[in-house]
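# What the coordinates show
Chain residues, written in single-letter form:
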Amino acid sequence: MAESNKIVNFHVTRYNPEKDVKPYIQTYKVEVTDGMTVLDGLHWIKEHLDPTLVWRYSCRMGICGSCGMLINGSPTLACNTQISHLGGMDITVGPLPNFEIIRDLVPDLASMFDKHASVKPNIIRDEADLVSRQGEFYQSPEQLEEFLQFTFCIKCGCCMAACPTLATDVRYLGPMPLTALQRYNTDTRDEGFDIRAKIAGGDGGAFSCHYAGECSRVCPKGVDPAKAIQLLKRKLVLDYLHLASKKQPCKKLEGPGHGKLLPNMNPPARTVVQDAPAETNK
Amino acid sequence: MADLHRHDNRLGVWGWLGGGRWGVERYAYILHRVTGLGILLYLLMHTVVTSLRVRGIYLWTDGGFLHQPIFKFGEFLVVAAFAFHAFNGIRLVLVELGFAVGKPIEPVYPYKTSLGVQRPLLIVVMLLAFIFLAVGGYNFLGLAK
Amino acid sequence: MSNGTKFWTWHMAAGVALLFLLGLHMLIMHFGGSVHLFAPHGSEAVSVENSQWRDAHTFFAITYILMLGVGLYHGLYGLRTILLELTLKPAVAKTVTAFLVLVGLGLFGFGSWAAWAAHTIAIAGGKG
Ligand code: SF4
Ligand code: SF4
Ligand code: FES
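Everything in this summary refers to the structure shown in the same document. No experiment lies behind these values; they were computed from the predicted model shown.

Cut-off values and rules
Residues numbered from 1 in each chain as written. Chains lettered and ligands numbered in written order. Predicted model: local features only at pLDDT ≥ 70, side-chain atom pairs only at ≥ 80, totals over all residues. Heavy atoms only, no water. Buried < 20%, exposed > 50% of the residue type's maximum accessible area, 1.4 Å probe, protein only. Helix = DSSP H or I, 4+ residues; strand = E, 2+ residues; numbered from the N terminus. Pairing = 2+ DSSP bridges. Axes fitted to C-alpha atoms, helices over the stretch in contact; angles between N-to-C directions. Contact = heavy atoms within 4.5 Å. Buried area = accessible area lost by both parts, 1.4 Å probe. Salt bridge = Lys/Arg side-chain N within 4 Å of Asp/Glu carboxyl O. Polar contact = N/O pair within 3.5 Å; in protein donor to acceptor, adjacent residues only side chain to side chain. Nonpolar A, V, L, I, M, F, W, Y, C, P; charged D, E, K, R; others polar. Near = heavy atom within 4 Å. Parallel < 35°, antiparallel > 145°, perpendicular 65-115°, else oblique. Left-handed = near helix turned anticlockwise from the far one by under 90°. Phe/Tyr/Trp six-rings, centres within 6.5 Å; stacked < 30°, edge-to-face > 60°. Lys NZ or Arg CZ within 6 Å of the ring centre and 35° of its normal.

## Considerations on the pairing of strand β1 (residues 6-14) of chain A
Regular strands have side chains that alternate between both faces of the sheet. All names here are of chain A. Most of β1 sits out of view: seven of its nine residues are buried. Sheet topology note: the β1/strand β2 (residues 24-32) ladder contains nine bridges and is antiparallel. Bridging across to β2, Thr 13 finds its partner in Ile 25. Judged from the four bridges that link them, β1 and strand β5 (residues 90-94) form a sheet pairing that is parallel. From the neighbouring strand, Phe 10 faces β5, where its bridge partner is Ile 91.

Now the structure itself:
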């Protein structure tokens with residue numbers, strides 16, 4: 001054992017549907033080295049102590065959204081959590097709450113994916129427009145930024161595990177699907193607002209969110225679902241009161257290059273490099 | 001395989017409370033619920049009690065049944081609940097109608113969320129509620145003597 | 001648009017209305033006595049004399065009814081929201097909704113009747 005190694009107790013939730021009536025906690029002593037993540041710790045257990053331990057992961061780099069777990073009581077990605085950052089000699093690792101457990105640390109995310117599909121997370125637009133190869137949809141950087149943040153979601157389910165409404169309400173769509181809904185509602189290429197307004201305004205829709213804010217607190221990608229849902233509520237209310245300006249879907253620009261070389265199109269400030277080399281295409 | 005028993009890991013009403021390791025907005029949310037229920041209960045009783053005056057029954061005046069310290073104290077709790085619910089309600093209206101959550105931003109680590117945007121508002125309304133309660137409580141208990 | 005949006009919008013509007021109505025209500029009932037705000041008789045704002053004095057004014061009868069209606073809507077909608085979040089069976093959820101609507105309408109009818117009766121009594125009693 002190298003000198004920097006230390007022993008950390010992993011209190012892991014176990015559940016085998018073939019044998020167990022309910023989950024129980026099993027404690028493993030893990031040799032922790034510098035830079036080890038909780039996911040690495042689980043691998044260490046599987047390799048050295050207990051090959052029966054089951055969890056789900058894939059990318060090990062916070063991209064695939066498979067390894068959402070309840071770590072020290074907070075839903076987060078195991079691959080994105082340094083053991084040393086947690087501090088202390090004891091770590092609890094459990095499956096994401098508000099989902100059914102398939103086995104050990106593996107939650108059944110299907111309920112979330114079904115809800116996601118139900119909010120129509122795709123561009124709804126005149127079919128002819130979509131399939132026609134003529135021209136391209138024009139969307140300015142400003143229009144893109146209205147929803148860009150909400151596209152970073154990796155469907156890990158951490159927000160769903162943190163949400164108090166979902167703790168009791170099976171029918172509530174939840175932060176991830178509602179954020180996806182708002183993302184497509186805001187997309188200028190889309191004209192599905194009325195369809196989605198029915199879904200979002202119905203039972204289990206946006207108004208079951210009470211801004212406890214947990215989803216935004218735990219989201220490992222900074223998606224801020226709580227923000228998306230409040231913006232969604234605003235749109236729904238304005239639409240009901242007939243105060244919303246009816247969104248016109250963006251135009252299709254015919255001809256090559258028309259989508260790119262519009263005059264007076266300023267890039268957003270943050271993408272402008274301060275000491276950019278002098279422009280050469282004048 | 002498919003009929004293997006799944007364990008339902010839903011947290012239940014305990015999940016509303018969050019098991020004690022969550023953020024301040026969660027506590028505001030749960031207090032908003034509790035105070036709202038309290039005020040509603042009071043409203044139901046208040047409606048009946050005050051309606052009795054039509055029959056000449058004034059339970060709350062000197063010598064009336066409700067003119068006891070315990071009810072005075074209960075009423076103070078209602079005022080406290082109202083103070084919290086009203087001021088937190090101002091914040092919730094602003095937040096839930098999208099006025100106090102900011103615009104979508106680029107998620108750059110360390111992430112900033114709408115929670116931070118509305119946090120000053122939360123602090124201000126809680127201070128106002130406290131001031132309201134301090135002034136009201138002083139007056140209230142003064143009158144109670 | 002769907003009904004959820006409609007009911008929630010009015011829930012918010014009712015909340016804002018209550019902020020002003022109940023703010024005024026509590027101001028009068030708790031501080032009115034000492035500054036004689038709508039309470040001309042003695043220092044106790046909720047004394048029989050002062051209650052009847054207010055009852056004699058149509059303005060108060062109407063605001064009482066208004067407050068009751070708005071308060072019941074806001075409160076019972078809130079209660080329904082909480083109850084329905086317990087994942088009730090659809091039939092139970094419907095029953096809860098119907099029950100709360102009945103309670104709301106019943107109390108509103110009773111309270112309005114009482115407020116108006118108190119109004120007429122106070123006028124007849126010449127206490128205004
Ligand atoms: S919003 Fe965030 S926490 Fe929720 S599923 Fe997407 S990435 Fe995960
Ligand atoms: S802000 Fe809304 S969706 Fe997010 S955790 Fe709270 S109640 Fe759930
Ligand atoms: S393993 Fe892919 S997000 Fe953690």
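Having put the structure on the table, let's press on.
## A few points about the sheet that holds β1 of chain A
Residue and element names in this part refer to chain A. With mixed pairing, five strands are arranged side by side in an open sheet as β2-β1-β5-β3-β4. In the strand order of this sheet, the two ends are held by β2 and β4 (74-77), each with one partner. Averaged over all neighbouring strand pairs, the angle between strand axes comes to 35°, with direction disregarded. Relative to β5, strand β3 (residues 68-71) runs antiparallel, the two sharing two bridges. Across the sheet, Leu 70 pairs through a bridge with Gly 94, a residue of β5. Sheet strands touched by helix α1 (residues 38-48): β1, β2, β3 and β5. Its angle to β2, the strand with the most contacts, is close to 100°.

## Focus on the interface of chain B and chain A
With 41 residues of chain B in contact, the opposing surface of chain A contributes 53 residues. Contact between chain B and chain A buries roughly 3900 Å² in total, counting both sides, with carbon and sulfur atoms accounting for 55%. Along the contact surface separating chain B from chain A lie five salt bridges. In this structure, the connection of chain B to chain A is made through 26 residue pairs in polar contact (both at pLDDT 80 or more). Going through the elements one at a time, β1 (7-8), α1 (13-17), α2 (24-51), α3 (69-96) and α4 (114-144) of chain B are the ones with two or more residues in the side of chain B that touches chain A. Tallied by class, the residues present in the side of chain B that touches chain A amount to 17 nonpolar, 11 polar and 13 charged.

## As for the site of ligand 1
Around ligand 1, 13 residues are found, and the nearest of them are Cys 153, Cys 156, Gly 157, Cys 159 and Cys 219 of chain A. For the shell around ligand 1, the class distribution of residues is 10 nonpolar, one polar and two charged.

## Structural notes on the packing of α2 of chain B against α3 of chain B
Residues and elements named next belong to chain B. Packing of α2 against α3 brings their axes to within 9 Å, and their N-to-C directions diverge by 130°. By the angle class used here, α2 and α3 are oblique. Where α2 crosses over α3, the handedness of that crossing is left-handed. Contact with α2, carried on its side by Glu 25, Ala 28, Leu 31, His 32, Thr 35, Gly 36, Ile 39 and Tyr 42, involves Glu 75, Val 78, Ala 81, Phe 82, Phe 84, His 85, Asn 88, Gly 89, Arg 91 and Leu 92 of α3 and no other residues of that element. Considering only residue class, the contact of α2 with α3 consists of nine nonpolar, six polar and three charged.

## Some words on the side chain of Thr 186 of chain A
Within the element layout of this structure, Thr 186 of chain A appears in helix α8 (residues 175-186). If we skip the residues at most four places from it in the chain, Thr 186 of chain A touches Glu 146, Phe 147 and Lys 247 of chain A.

## So, the packing of aromatic side chains
Counting across every chain of the model gives 10 aromatic pairs over all chains. Here the aromatic rings of Phe 87 of chain B and Phe 132 of chain B are separated by 6.0 Å at their centres, their planes lie at 65°, and the arrangement is edge-to-face. Here the residue Phe 87 of chain B occupies a position in helix α3, and Phe 132 of chain B occupies one in helix α4, the gap between them amounting to 45 residues. Looking at Phe 87 of chain B, the relative accessible area reads 17%, which means it is buried. In this structure, Arg 183 of chain A packs its charged tip against the face of Tyr 184 of chain A, placed 3.9 Å from the ring centre. Its guanidinium or amino end placed over the ring of Phe 99 of chain B, Arg 234 of chain A lies 4.4 Å from that ring's centre, counting from NZ or CZ.

## Describing the site of ligand 2
Residues and elements named next belong to chain A. As a matter of local geometry, ligand 2 sits amid 14 residues, with Cys 163, Cys 209, Ala 212, Gly 213 and Cys 215 nearest to it. Elements that contribute at least two residues to the shell around ligand 2 include exactly α7 (164-168), α10 (214-218) and α11 (225-240). Of the residues that constitute the shell around ligand 2, the class distribution is 10 nonpolar, three polar and one charged.

So, to be careful, I would describe these as geometric facts and stop short of saying anything about function.
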